[in-house]
Amino acid sequence: MADDVRNVHEALSAVAEHWQPHRLTSINDYDVKVVKLQGEFVWHSHPETDELFLVVSGRLVIQLRDRDVVLNPNDVFVVPRGVEHCPKAEGEVQAILFEPQGTVNTGDAGGDRTAPLRELS
């Protein structure tokens, strides 16, 4: 995969379901994931790692317990490790996530929204 050129827009067009992260590429021990988001996710945290969101299209609200962070296209926000958050997208959002390999999308919450990292075809 390191030798392949990947196009973000083409990768996102291959993602059919919301909240199902797909690996775009990896760098060192991090995965760069593309994902489509719609609706409200689950409240969760990642006790061992920060989580970076980069919005490609749409408007994403990262709900924190003390405030909401609004991200528009080309905005980046890092949720610090251990901070409880709940992403919410009223319309479809296309985003890129940067996380250590093995990071579970639902963090410490688990549950039926937990999705394995998928590979792009």
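Up top is the structure these notes are about.
Keep in mind the model is a prediction, meaning the values are calculated, not measured.

### A word on the overall build of the protein chain
Step number 1: Broken down by element type, the protein chain carries one helix and eight strands.
Step number 2: Put simply, the protein chain runs from its N terminus to its C terminus through helices and strands in the order α-β-β-β-β-β-β-β-β.
Step number 3: With respect to the principal axes defined by its C-alpha atoms, the protein chain has extents near 40 × 30 × 25 Å.
Step number 4: The proportion of buried residues among the 121 residues of the protein chain is 41%.
Step number 5: For the protein chain, the share of sequence-separated contacts (at least 6 apart) that also reach a separation of at least 24 residues comes to 66%.
Step number 6: A total accessible area of about 6,500 Å² is found for the protein chain, and carbon and sulfur atoms account for 47% of it.
Step number 7: Here the protein chain contributes 11 positive and 20 negative side-chain charges, whose respective centroids are spaced 3 Å apart.

### Structural notes on the pattern of salt bridges
Step number 1: All chains considered together, the criterion is met by six salt bridges.
Step number 2: Between K33 and E99 there is a salt bridge, with the nearest N and O atoms lying 2.4 Å from each other. Note that K33 is positioned in strand β2 (residues 30-40) and E99 in strand β7 (residues 85-100), a separation of 66 residues in sequence.
Step number 3: Taking relative accessible area as the criterion, K33 reaches 3% and is therefore assigned buried.
Step number 4: A salt bridge links D50 to R81, with the nearest nitrogen and oxygen atoms 3.9 Å apart. Of this pair, D50 sits in the loop between β2 and β3 (51-57) while R81 sits in the loop between β6 (76-79) and β7, and the two are 31 residues apart along the sequence.

### Here's the deal with unusual backbone geometry
Step number 1: The backbone of N28 shows a phi angle near 50°, a positive value even though the residue is not glycine.
Step number 2: Position of N28 among the secondary structure elements: in the loop between β1 (22-27) and β2.
Step number 3: A residue is classified by how much of its surface remains accessible, and N28, at 74% relative accessible area, is exposed.
Step number 4: For N74, which is not a glycine, the phi torsion comes out positive at approximately 75°.

### Section: the packing of aromatic side chains
Step number 1: In total, this model carries one aromatic pair according to the counting rule given.
Step number 2: Ring geometry for W19 against F41: centres 4.5 Å apart, planes inclined by 15°, an arrangement best described as stacked. In this pair, W19 sits in the loop between α1 (8-13) and β1 while F41 sits in the loop between β2 and β3, placing the two residues 22 residues apart along the sequence.
Step number 3: A relative accessible area of 9% places F41 in the buried class.
Step number 4: The ring of W43 has R65 lying over it, and the distance from NZ or CZ to the ring centre is 3.8 Å.

Thresholds, definitions, all that
Residue positions are given per chain, counting from 1 as you read along its sequence in written order. The model is predicted, so local features are restricted to residues of pLDDT at least 70 and side-chain atom pairs to those at 80 or more, both for listing and for counting; the totals for chains, interfaces and linings are taken over all residues. As a rule here, side-chain values cover all heavy atoms of the structure and leave hydrogens and water aside. For the purposes of this entry, the term helix denotes a DSSP run of H or I that reaches at least four residues, the term strand denotes a run of E that reaches at least two, and both are numbered from the N terminus. Only protein chains enter the area calculation, which uses a 1.4 Å probe; residues under 20% of their type maximum are buried, those over 50% are exposed, and those in between are partly exposed. We call two residues contacting when some pair of their heavy atoms lies within 4.5 Å. Each accessible area value is a Shrake-Rupley result obtained with a 1.4 Å probe; residue values ignore everything except the protein chains displayed when judging cover. Two residue types count as positive, namely Lys and Arg, and two as negative, namely Asp and Glu; His and chain ends fall outside the count. Every charge is mapped to an atom, namely NZ of Lys, CZ of Arg, CG of Asp or CD of Glu. A pair is scored as a salt bridge if a Lys or Arg side-chain nitrogen falls within 4 Å of a carboxyl oxygen belonging to Asp or Glu. Planes of paired rings set the category: under 30 degrees apart is stacked, over 60 is edge-to-face and the rest tilted, where pairs are Phe, Tyr or Trp rings (Trp by its six-membered ring) whose centres lie within 6.5 Å. Our definition puts a charge over a ring when NZ of Lys or CZ of Arg is within 6 Å of the ring centre and also within 35 degrees of the ring normal.

Just distances and angles here, no functional claims.
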